[in-house]
Amino acid sequence: MKNSCSFLLFLVLMGTLQVNAQSDRWQQSVSYKMEVDMDVNTNQYQGTQVIAYTNNSPDTLHRVFFHLYYNAFQPNSMMDVRSRTIADPDRRVGDRISKLSPEEIGYLHVQQLTMNGLPVDYEEVETILEGNLPQPILPFTTVLFETRFEGQVPLQVRRAGRDSEEGVRYSMSQWYPKISNYDYQGWHANPYIGREFYGIWGDFDVRIKIDKEYTLGGTGYLQNNNEIGHGYEDEGVKVPTPESDKLTWHFNAPRVHDFMWAADPNYTHDKIEMDNGVTIHHLYIKSSRTASNWEKLKSYTPAALSYMSEHFGEYPYKQFSVIQGGDGGMEYPMSTLITGHRTLGSLVGVMVHELVHSWFHGVLGNNESLYPWMDEGFTSYASSLTMAHIFSEQPSENPHRGSFAGYQRLVESGLEEPLATHADHFHTNVAYGSAAYAKGALFLVQLGYIIGEETLANAMLRYWNTWKYRHPNPNDVIRVMEKESGLELDWFKEYWVYTTKTIDYAIKSVKEDGENTLLTLERKGLMPMPLDVVITYQDGSQETLYLPLAIQRGEKPEEKGKPKRIHTERWPWVEPEKTVTIEVPFRQIKSVEIDPSERMADINRDNNKKEF
Ligand SMILES: [Zn+2]
């Protein structure tokens, strides 16, 4: 390629800047230039890539790995076998992969792979290409990988594919040879079995050549919008008639870790310009099942984006696209694929969830396979707040009740596995789903309880500012919480993430001796937590007894809108009788309740309250 040299120099400089910008954790960087030519009759495509890969690690690399996701959509693939044999199959998948015909399977094959012009010795092992490098990649150097590849879009089974149930022609996620991430934990060449992704930060320059009737959308800013049209042209521009049967769409996506596109000849394209400079694109196939709700969606997407920007960090891209496609809802940088035949509530709900992933996935790029709860759980948490805001729920309603109910069902099912389990290695789908989404959301809900709601809100912004465009892990999150609160919180992370121990506190007894009321609390569960115990008196007034854990080495500040604290006493967790008795001056008590805010994930709330 002619431009390779200056392109390479540019990337070396970029790589150097990125190294310097990082304090204590290096990360690889990558830049993709891709061209792809799609045949809408055969559903096959040919492509080329020039990938500038910068090794910011202190290690010399001798191998390289690429993901070839579409090879999962073939009978007897790991995804097929796992989907058919898991105890509780995903109904979208079931045994469908085993029944795909040769025209319906997916594949993605690398026909040629070089590094700095030298052939790489490689082997395709289903969804992973394993390459032995012709020369080692030294620390702090950039190399150019070049590939030629061909693919066939699978009939839609899971996430990506063609001809979805709702009639969308192409949902093109996981479609290109994607270099695996190498980080301080080594290579992450996860085969595609079903769940979750992890990518390297970088810039994508993508040219897609496809039948001129198709409207496209996805990750990336369209560079040649005035040649393409399809609703992307600037106001007043007359788009020239295409000279051939195909158009080449040129997209550019800076600082993302993946690139998705979708295409259909019948998409309706709505554009909403927000005051903050973000353009929202809605692409959907207009019918009696979509027309009215997708019209209404036009007010909800900007409202959700504004709320998230205000509370969790400013949305950093200039564009967000909600696109009908896929098989439910799936997040991609700057965009989402969602199914469109939904009630308004469901449509808004899925749009909000996937939009919120722009924060917890799109920009806070944790390894989703290892820590699915850090994107799904945190997304569930922030979505619940966003939904409560845009549907103006009463502030007294606990927006996280659904997450608690999901977690409680998981505990009661006996199927719970530690949150730390790799996404693909949970024994059942239900254990994965409830852990990642519900128990993951409760990680934050309970931190709000432990460190205080205001502190948590500040900590979430601090998390964003510290870890955006990086790959945070569970320790990084808890360290941010510790720094913001001044408390020691490792015990919380250890119990909640690495064990299945549960919380159950009870009010054992309330006795009077004439002068004082003696309140005895009992720790019945194995996981210790600080306690807010609220006493409501006969006259309706309320006071709080606060029992922080000794191991948290401090107290949360008094929270706005909560009853005044009259007593603070540290509680160790080793006392053999598992009880503590507190003496308060006698007054006529109406009720005593542990955590009336219901933010602590107490699995038995029946014993949390005594009324008189
Ligand atoms: Zn999600």
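This text follows the structure it describes.
What comes next concerns the included structure. Predicted, not measured: the structure shown is a model, and the values here were computed from it.

Some details on the overall build of the protein chain
Argument step 1. In terms of helices and strands, the protein chain carries twelve helices and 31 strands.
Argument step 2. Relative to the globule expectation of 25 Å for 612 residues, the C-alpha radius of gyration of the protein chain, 27 Å, shows essentially globular dimensions.
Argument step 3. Taken over the C-alpha atoms alone, the protein chain extends approximately 95 × 55 × 45 Å along its principal axes.
Argument step 4. Out of the 612 residues in the protein chain, the part that is buried amounts to 59%.
Argument step 5. Across the protein chain, contacts joining residues at least 24 apart in sequence account for 71% of those joining residues at least 6 apart.
Argument step 6. Surface exposure of the protein chain reaches about 24,300 Å², of which carbon and sulfur atoms provide 49%.
Argument step 7. Charged side chains in the protein chain number 58 positive and 82 negative. The centres of these two groups are separated by 1 Å.

Brief notes about the side chain of N293
Argument step 1. Within the secondary structure layout, N293 lies in helix α4 (residues 291–312).
Argument step 2. Setting aside residues no more than four positions away along its own chain, N293 makes contact with R342, T343, L344 and L347.

Some thoughts on the coordination of the zinc ion
Argument step 1. For the zinc ion, the full set of protein donor atoms is H353 (NE2), H357 (NE2), E376 (OE) and E376 (OE), and the range of their distances to it is 1.9 to 2.8 Å.
Argument step 2. Viewed at the metal, the four donor atoms of the zinc ion are separated by angles of 51 to 154 degrees, and the geometry they form is irregular.
Argument step 3. Read N to C, the donor residues that coordinate the zinc ion are spaced as H-x3-H-x18-E. Residue H357 is found in the loop between α5 (344–356) and α6 (358–363), and its partner E376 is found in helix α7 (residues 372–390); the two are separated by 19 residues along the sequence. Taken as a pair, H357 and E376 share a single burial class, namely buried.

Side note on helix α12 (residues 490–498)
Argument step 1. By the burial criterion, the buried members of α12 are W491, F492, K493, Y495, W496 and V497.
Argument step 2. Where α12 is buried, its residues touch α7, α8 (401–413), α9 (429–451) and α11 (474–485).

Notes on the pattern of salt bridges
Argument step 1. Tallied over the full model, the rule gives 29 salt bridges.
Argument step 2. We note a salt bridge from E130 to R63, for which the minimum N-O separation is 3.9 Å. With a gap of 67 residues between them, E130 in strand β7 (residues 128–137) and R63 in strand β3 (residues 61–67) connect regions that are remote in the sequence.
Argument step 3. For E598, the salt bridge is made with R401, and the minimal N-O distance between the two is 3.7 Å. In this pair, E598 sits in the loop between β30 (589–594) and β31 (609–611) while R401 sits in helix α8, placing the two residues 197 residues apart along the sequence.
Argument step 4. Under the relative-accessibility criterion, E598 is labelled partly exposed at 25%.
Argument step 5. By relative accessible area, R401 is classed as partly exposed at 43%.
Argument step 6. Each member of the salt-bridge network shares a partner with another, and the members are E453, D532, K556, E559 and R599.

Remarks on a negative patch on the surface
Argument step 1. Together, E512, D513, E515 and E583 give the surface a local cluster of negative charge.
Argument step 2. Of the residues examined, E512 reaches a relative accessible area of 54% and is grouped as exposed.

Points about the packing of aromatic side chains
Argument step 1. Evaluated as defined, the whole model comprises 41 aromatic pairs.
Argument step 2. Relative to F73, the ring of Y70 lies with its centre 6.4 Å away and its plane at 70 degrees, an arrangement referred to as edge-to-face.
Argument step 3. According to the relative accessible area criterion, Y70 is buried, its value standing at 0%.
Argument step 4. Residue classification places F73 among the buried positions, given a relative accessible area of 1%.
Argument step 5. Pairing W491 with F492 gives two aromatic rings, centres 6.0 Å apart and planes at 75 degrees, and the pair type is edge-to-face.
Argument step 6. Its relative accessible area of 6% is what places W491 among the buried residues.
Argument step 7. The buried category is assigned to F492, whose relative accessible area is 0%.
Argument step 8. One aromatic cluster is present, formed by Y32, Y45, F149, W175, Y176, F204, Y232, W249, F251, F259 and W261 through successive ring pairs.
Argument step 9. Over the aromatic face of Y184 sits the side chain of R25, whose NZ or CZ is 4.5 Å from the ring centroid.

Comments concerning unusual backbone geometry
Argument step 1. Unlike most non-glycine residues, F140 shows phi in positive territory, near 60 degrees.
Argument step 2. By secondary structure assignment, the location of F140 is in the loop between β7 and β8 (141–152).
Argument step 3. Under the relative-accessibility criterion, F140 is labelled exposed at 55%.

A few points about the pairing of β8
The two faces of a sheet get side chains in turn, since along a regular strand they alternate between them.
Argument step 1. Sheet topology places strand β2 (residues 44–55) next to β8; twelve bridges connect them, and they run antiparallel. Pairing of T54 across the sheet is with T142, part of β8.
Argument step 2. Across eight bridges, the pairing between strand β4 (residues 107–115) and β8 is antiparallel. Looking across to β8, one finds that L108 is bridged to G151.

Focus on the sheet that holds strand β18 (residues 261–264)
Across a sheet, paired strands are connected by hydrogen bonds in the backbone, their directions being either parallel or antiparallel.
Argument step 1. A sheet is described by the order of its strands in space; here four strands give the open sequence β9-β10-β18-β15, paired in antiparallel fashion. Across the chains shown, the open sheet's two edge strands, defined by having one partner strand only, are β9 (161–162) and β15 (215–218).
Argument step 2. With two bridges joining them, β9 and strand β10 (residues 170–172) adopt antiparallel strand pairing. What sits directly across from G161, in β10, is S171.

With respect to the nonpolar core
Argument step 1. If you look at the biggest cluster of nonpolar residues, it comprises 175 residues, and the most contacted ones within it are F145, W175, F360 and F443.
Argument step 2. With 14 residues, α9 is the largest single contributor of residues to this core.
Argument step 3. Not counting residues up to four positions away in its chain, the partners in contact with F360 are M308, F312, M374, D375, F378, T379, A382, M460 and Y463.

Comments concerning the environment of F65
Argument step 1. Along the polypeptide, F65 turns up in strand β3.
Argument step 2. A relative accessible area of 9% places F65 in the buried class.
Argument step 3. Remark: the alpha-carbon pair of F65 and M600, spanning 535 residues in sequence, is separated by 43 Å.
Argument step 4. If near-sequence neighbours (up to four positions away) are discounted, F65 is found in contact with I128, L129, E130, K178, I179, S180, W187 and A189.

Rules of the game
Per chain, residue numbering runs from 1 following the sequence as it is written. With pLDDT at 70 or above as the cut-off, local features in this predicted model cover only qualifying residues; side-chain atom pairs require 80 or more to be listed or tallied, and sums for whole chains, interfaces and linings still use all residues. Think of the side-chain values as coming from all heavy atoms in the structure, minus any hydrogens and water. Put simply, DSSP marks the helices as runs of H or I at least four residues long and the strands as runs of E at least two long, and each gets a number from the N terminus on. Taken over C-alpha atoms, the radius of gyration is set against a globule rule of 2.2 Å times the number of residues to the power 0.38. Three exposure classes are used, based on accessible area relative to the maximum for each residue type with a 1.4 Å probe and protein chains only: buried under 20%, partly exposed in between, and exposed over 50%. Whether two residues touch is decided by their heavy atoms; if any such pair falls within 4.5 Å, the residues are in contact. Using the Shrake-Rupley algorithm and a 1.4 Å probe, accessible areas are obtained, with residue cover drawn only from the displayed protein chains. Here Asp and Glu are counted as negative and Lys and Arg as positive; His is not counted, and neither are the chain ends. Positions of charges follow a simple convention, taking NZ of Lys, CZ of Arg, CG of Asp or CD of Glu. Each metal site is built from N, O and S donor atoms within 2.8 Å (3.2 Å for Na, K and Ca), and since water is not included, such sites may look incomplete. Four donors are marked tetrahedral only if all angles between them lie between 85 and 135 degrees, whereas four are marked square planar and six octahedral if opposite donors are more than 155 degrees apart and the other angles lie between 65 and 115; the remainder are marked irregular. Only one rule defines a salt bridge in this text: a Lys or Arg side-chain nitrogen within 4 Å of an Asp or Glu carboxyl oxygen. Distance thresholds for patches are 9 Å for like charges and 5 Å for nonpolar side chains (Val, Leu, Ile, Met, Phe, Trp, Tyr), applied to residues having over 30% relative accessible area and no salt bridge. Only centres within 6.5 Å qualify two rings of Phe, Tyr or Trp (six-membered ring in Trp) as a pair; their planes then separate them into stacked at under 30 degrees, edge-to-face at over 60, and tilted for everything else. Put simply, a charge is over a ring when the Lys NZ or the Arg CZ is close to the ring centre, within 6 Å, and near the line of the ring normal, within 35 degrees. DSSP calls a pair of strands paired once it identifies at least 2 bridges connecting them. As used here, the term nonpolar core means buried Ala, Val, Leu, Ile, Met, Phe, Trp, Tyr and Cys residues forming a set that is joined through side-chain atoms within 4.5 Å.

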